[in-house]
Amino acid sequence: MQRERLSHTPVTTKDGFVLVTAVNYGYRHFLMNFLCGLKRAGMHDHIVIGAMDEDMLKWGLQRGLPIFSAHLGFRHMDAGNIGTAAFREATHAKSRIVL
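Residues numbered from 1 in each chain as written. Predicted model: local features only at pLDDT ≥ 70, side-chain atom pairs only at ≥ 80, totals over all residues. Heavy atoms only, no water.

Teacher, can you tell me more about the layout of surface pockets here?
To locate leftover empty space, one rolls a probe as large as a water molecule over the atoms. Roughly 190 Å³ of volume is contained in the largest pocket. The wall of the largest pocket is formed by twelve residues, among which Leu-35, Lys-39, His-44, Leu-65 and Pro-66 lie closest to the centre. The set of elements that each furnish at least two residues to the lining of the largest pocket consists of helix H1 (28-40) and strand S2 (47-51). If one sorts the elements of the lining of the largest pocket by residue count, H1 sits on top with four residues. Residue composition of the lining of the largest pocket, by class: seven nonpolar, three polar and two charged. (1 Å grid on protein atoms, 1.4 Å probe; cavity = no way out; pocket = protein on both sides within 12 Å on 5 of 7 lines; lining within 4 Å. Points joined across faces, edges and corners; volume = space filled by probe spheres on them. Helix = DSSP H or I, 4+ residues; strand = E, 2+ residues; numbered from the N terminus. Nonpolar A, V, L, I, M, F, W, Y, C, P; charged D, E, K, R; others polar.)

Structure representation (structure tokens):
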């Protein structure tokens, strides 16, 4: 899949704040819970999501999320098993995405 533009441009807060997070397809339900919390807090326009796999990118684009490809070569099942080497590697990669 080609590099996609965000479905909408996030709005910064008056302090210039934009929240960046990264998620793989296996954690999409946690992301949706997080987004619901942001909406209740009035912060849902201030987020950008890095999709760590193709499935997440497609899923996010279909739902109009502000998402971009941050694909790191993980299959969603590999990085979703807590305690595995792939999970630890994905956790470290998430930090690199947002920096």
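Any chance you could explain the sheet that holds S2 here in plain terms?
Paired through backbone hydrogen bonds, the strands of a sheet run either parallel or antiparallel to each other. With parallel pairing, the three strands of this open sheet are ordered in space as S1-S2-S3. Edge positions in the sheet fall to strand S1 (19-23) and strand S3 (67-69), since each has one partner strand and no second. The mean angle between the axes of side-by-side strands here comes to 30°, regardless of whether they run parallel or antiparallel. Strand direction decides the pairing type here: S2 and S3, joined by three bridges, are parallel. In the strand pairing of S3, Gly-50 is matched with Phe-68. Relative to the sheet, helix H2 (residues 54-62) contacts S1, S2 and S3, its axis offset from that of S3 by approximately 155°. (Pairing = 2+ DSSP bridges. Axes fitted to C-alpha atoms, helices over the stretch in contact; angles between N-to-C directions. Contact = heavy atoms within 4.5 Å.)

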